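Structural description and commentary
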Amino acid sequence: MNKRTVIIMILVLALIVGVFAFINKDMIKDKKEIHENAEILISGSGKEVKLTFKDIKEFGEKDFVANLKSSGKPAREHKYTGVLLKNLFEKAGIDIKDKNQLSVKAIDGYTVALGIDEVLENNNIYLAYKIDGKPLGNKEDGGSGPYQIIIRKDQFSQRWCKHVVEIEIND
Ligand SMILES: Nc1nc2c(c(=O)[nH]1)N[C@H]1C(S)=C(S)[C@@H](COP(=O)(O)O)O[C@H]1N2
Ligand SMILES: [Mo]
């Protein structure tokens, strides 16, 4: 290989890395906007739907009680406000009955897999936006929202995904 070929190869690689960095930056910016605007992206299974806070509220706001286990603190009961996750999909006109699972993704990269069977349960998995009557708040204010998945049956709260920005449907 002569010197010229090596230089051209290095330039081509640098260009590829640059393009990927650019695309990635754009994707991170989109997620950040979704988080700040209190929106949620429903993706996967050929779908790409953005839901606003107004949409989500109108899907059927409900108060429910759940035990939060925060790290370093004893479990404590709170009143949450939100929408039963299966109702959100039903009202958005998305049939999840025959799907495999949902991947819930947060702004910090935390991801939680939810089995369809548990999602279809009656009083278990919610998408919440208030705790004890107050908004959950976002990551920057030390809150756990704007949206958080609450799994009433998960007694250690590990799968209670905070700062939800995307729910991906897996076939
Ligand atoms: N987005 C996001 N959600 C998350 C986590 C996280 O790191 N990021 N940690 C989980 C864990 S391990 C616990 S115990 C609960 C409660 O977290 P807290 O101790 O910050 O209240 O949130 C869960 N949800
Ligand atoms: Mo935890």
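Computed from a prediction, not measured in an experiment: that's the story for all the values here.

1. With respect to the nonpolar core
Note on soluble globular proteins: their nonpolar side chains tend to be buried together. Counting 38 residues, the largest nonpolar core has Leu 85, Phe 89 and Leu 102 as its most contacted members. In terms of residue count, the dominant contributor to this core is strand β7 (residues 125-131) (five residues). Residues contacting Leu 85, with those up to four places away along its chain left out, are Leu 102, Leu 114, Val 119, Ile 125, Tyr 126, Leu 127, Ile 149 and Ile 167.

2. A word on the sheet that holds strand β5 (residues 101-106)
Strand pairing in a sheet is mediated by backbone hydrogen bonds. Such pairs are either parallel or antiparallel. The mixed open sheet is built from five strands, whose spatial order is β2-β1-β10-β5-β6. A single partner strand is all that each edge strand has here, and the edge strands are β2 (47-51) and β6 (111-115). Strand-to-strand twist of the sheet, defined as the mean angle between neighbouring strand axes without regard to direction, takes the value 20°. Sheet contacts for helix α1 (residues 3-36): β1 (40-44), β2 and β10 (164-170); angle to β10, the most-contacted strand, approximately 110°.

3. Digging into the site of ligand 1
In the vicinity of ligand 1 lie 13 residues, with Ser 70, Ser 71, Asp 108, Trp 160 and Lys 162 positioned nearest. Ser 71 is positioned with one of its side-chain polar atoms (N or O) 2.7 Å from an oxygen atom of ligand 1. Interatomic distance of 2.7 Å between a side-chain N/O atom of Asp 108 and a nitrogen atom of ligand 1. Of the residues contributing to the shell around ligand 1, the split by class is five nonpolar, five polar and three charged.

4. Observations regarding the UniProt feature "transmembrane region" (unreviewed entry) in the chain
When the UniProt feature table is mapped to this numbering, "transmembrane region" (unreviewed entry) covers residues 6-23. Taken end to end, residues 6-23 is 100% helix and 0% strand, and its first and last C-alpha atoms sit 26 Å apart.

5. Thoughts on the pattern of salt bridges
Opposite charge on two side chains makes pairing possible when the charged atoms of those side chains draw close. Here the structure, examined in full by the defined rule, presents 11 salt bridges. A salt bridge links Glu 36 to Lys 32, with the shortest nitrogen-to-oxygen separation between them at 3.6 Å. Remark: Lys 32 and Glu 36 occur in helix α1; sequence separation between them is four residues, near one turn of the helix. Given the relative accessible area of 48%, Glu 36 is considered partly exposed. Residue classification places Lys 32 among the partly exposed positions, given a relative accessible area of 45%. Between Lys 79 and Asp 63 there is a salt bridge, with its nearest N and O atoms 3.9 Å apart. Of this pair, Lys 79 sits in strand β4 (residues 76-84) while Asp 63 is found in strand β3 (residues 62-68), placing the two residues 16 residues apart along the sequence. On the accessibility criterion, Lys 79 (37% relative accessible area) is partly exposed.

6. Some details on the environment of Val 119
Take Val 119: it is sitting in helix α4 (residues 116-119). It is 20 Å that separates the C-alpha atoms of Val 119 and Asp 55, two residues lying 64 residues apart in sequence. Discounting chain neighbours no more than four positions away, the residues touching Val 119 are Leu 85, Lys 86, Ile 96, Leu 102, Leu 114 and Ile 125.

7. Quick word on the side chain of Asn 124
Structurally, Asn 124 can be placed in the loop between α4 and β7. Only 3.3 Å separates the side chain of Asn 124 from the side chain of Glu 121, close enough to count as a polar contact. In terms of polar contacts, Asn 124 uses its side chain to reach the backbone amide nitrogen of Lys 153, at 2.9 Å. If we ignore the near neighbours within four places in the chain, the residues touching Asn 124 are Leu 84, Glu 118, Ile 150, Ile 151, Arg 152 and Lys 153.

Calculation notes
Here the residue index of a chain counts from 1 through its sequence in written order. Chains carry letters and ligands carry numbers; both start at the beginning, A for chains and 1 for ligands, and go up in the order they are written. Whole-chain, interface and lining totals are the exception, using all residues; otherwise, since this is a predicted model, local features are given only for residues with pLDDT of at least 70 and side-chain atom pairs are given and counted only at 80 or more. Here the side-chain values reflect all heavy atoms present in the structure, with hydrogen atoms and water set aside. In these notes, a set of buried Ala, Val, Leu, Ile, Met, Phe, Trp, Tyr and Cys residues joined through side-chain atoms within 4.5 Å is what counts as a nonpolar core. To sort residues, take the accessible area from a 1.4 Å probe on protein chains only and compare it with the maximum for the residue type: under 20% means buried, over 50% means exposed, and anything in between is partly exposed. Per the convention used, a helix needs a DSSP run of H or I reaching at least four residues, while a strand needs a run of E reaching at least two, with both numbered from the N terminus. Contact between two residues is taken to exist if any of their heavy atoms lie within 4.5 Å; hydrogens are not considered. At least two DSSP bridges between two strands are needed for those strands to be called paired. Angular values range over 0 to 180 degrees, each being the angle between N-to-C directions of two axes fitted as lines to C-alpha atoms, with helices fitted over their stretch in contact. We call a residue near a molecule or strand when any one of its heavy atoms sits within 4 Å of it. Identification of polar contacts relies on pairs of N or O atoms within 3.5 Å, with a donor-acceptor requirement for protein atoms, meaning one able to donate a hydrogen and the other able to accept it, and with residues adjacent in sequence counted only if both atoms are side-chain atoms. Each residue is assigned to one class: nonpolar for Ala, Val, Leu, Ile, Met, Phe, Trp, Tyr, Cys and Pro, charged for Asp, Glu, Lys and Arg, and polar for all the others, Gly among them. UniProt positions are given in the numbering used here, feature names are shortened, and annotations may be inferred rather than shown by experiment. Salt bridges are defined as contacts in which a side-chain nitrogen from Lys or Arg sits within 4 Å of a carboxyl oxygen from Asp or Glu.

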